[in-house]
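# Geometric and topological summary
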Amino acid sequence: MKGIERRKFQRWKTSIPCTLEWQGSSTSGRIADLSWGGALIKQADALPAKGTSVVISFEINSKEVQLNGTLAARILRTVEQFSEEGEGVAWLGMYFEETEEQVRAKLTPIIRALFPEQAI
């Protein structure tokens, strides 16, 4: 039996290269899921601690969009996996700390660019 979907927001599957910055550190990864409430980052090179505030920046259509200053994210979950070669790769689940209206104002152009066929 499949579980009941309890998510508040629709999720969009993406594969957007990104950079996370926190407390003088940074890592690269890919935004795999994006919603009005948060994001799932995969293939991260480093693992910020759960609860860490981060700034996400990424590029779409050669136009850089930064979730910086007015839109912060906080790490909610972390998973580290190791390859056969012993290298670690982190997955980071995060939620946006700003209001839904602020998040929508920042992300609507991105969602429209990536998913023009969907009404949002």
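Below or above, wherever it landed, is the structure these notes cover.

Scanning the chain from terminus to terminus reveals 1 helix and 7 strands. Written out in order from the N terminus, the α and β elements of the chain read β-β-β-β-β-β-β-α. When each of the 120 residues of the chain is scored for burial, the buried share is 34%. Within the chain, residue pairs in contact and separated by at least 24 positions form 53% of the contacts whose partners lie at least 6 positions apart. When the accessible area of the chain is evaluated, it comes to approximately 7600 Å², of which 47% is carbon and sulfur surface.

Right, let's get into the packing of aromatic side chains. Under the definition given, this model contains 2 aromatic pairs. With a centroid separation of 5.2 Å and 75° between ring planes, the pair formed by W12 and W36 is classed as edge-to-face. Placement of the pair is W12 in strand β1 (residues 12-22) and W36 in the loop between β2 (25-34) and β3 (38-44), with a sequence separation of 24 residues. Taking the relative accessible area as the measure of exposure, W12 reaches 2% and is therefore buried. Feature note: the residues W12, W36 and F115 constitute an aromatic cluster, connected by ring pairs. It is K42 that lies over the ring of W91; its NZ or CZ is 4.2 Å from the centre.

The subject of this paragraph is the pairing of β2. Alignment of β1 against β2, held across 9 bridges, turns out to be antiparallel. For I16, the partnering residue across the bridge sits in β2 and is I31. Linking β2 back to β3 in an antiparallel pair, the connection comprises 3 residues.

Nonpolar side chains in soluble globular proteins tend to end up buried together. One finds I31, I56 and M94 to be the most contacted residues of the largest nonpolar core, which totals 26 residues. If you list the elements that add at least two residues to this core, you get β1, β2, β3, β4 (53-60), β6 (73-82), β7 (88-96) and α1 (100-114). A total of 5 residues in this core trace back to one element, the largest contributor, which is β1. Once residues within four sequence positions are removed from consideration, M94 is found in contact with L20, G37, G38, A39, I41, V54, I56, A73, R74, I75 and L76.

Our next topic: α1. An ideal rise of 1.5 Å per residue puts 21 Å on 15 residues; α1 measures up with 20 Å between its terminal C-alpha atoms. Restricting attention to buried positions, one finds in α1 the residues V103, L107, T108, I110 and I111.

Located in the positive-phi region is Q23, a residue other than glycine, with phi close to 35°. Mapped onto the fold, Q23 is located in the loop between β1 and β2. Classification of Q23 as exposed rests on a relative accessible area of 71%. For Q43, which is not glycine, the phi dihedral falls at a positive 60°. Looking at the secondary structure, you find Q43 in strand β3.

Rules of the game
- Residues numbered from 1 in each chain as written.
- Predicted model: local features only at pLDDT ≥ 70, side-chain atom pairs only at ≥ 80, totals over all residues.
- Heavy atoms only, no water.
- Helix = DSSP H or I, 4+ residues; strand = E, 2+ residues; numbered from the N terminus.
- Buried < 20%, exposed > 50% of the residue type's maximum accessible area, 1.4 Å probe, protein only.
- Contact = heavy atoms within 4.5 Å.
- Areas by Shrake-Rupley, 256 points an atom, 1.4 Å probe, with all protein chains shown as cover.
- Phe/Tyr/Trp six-rings, centres within 6.5 Å; stacked < 30°, edge-to-face > 60°.
- Lys NZ or Arg CZ within 6 Å of the ring centre and 35° of its normal.
- Pairing = 2+ DSSP bridges.
- Core = buried A, V, L, I, M, F, W, Y, C linked by side-chain atoms within 4.5 Å.
- Expected span 1.5 Å × (residues − 1).

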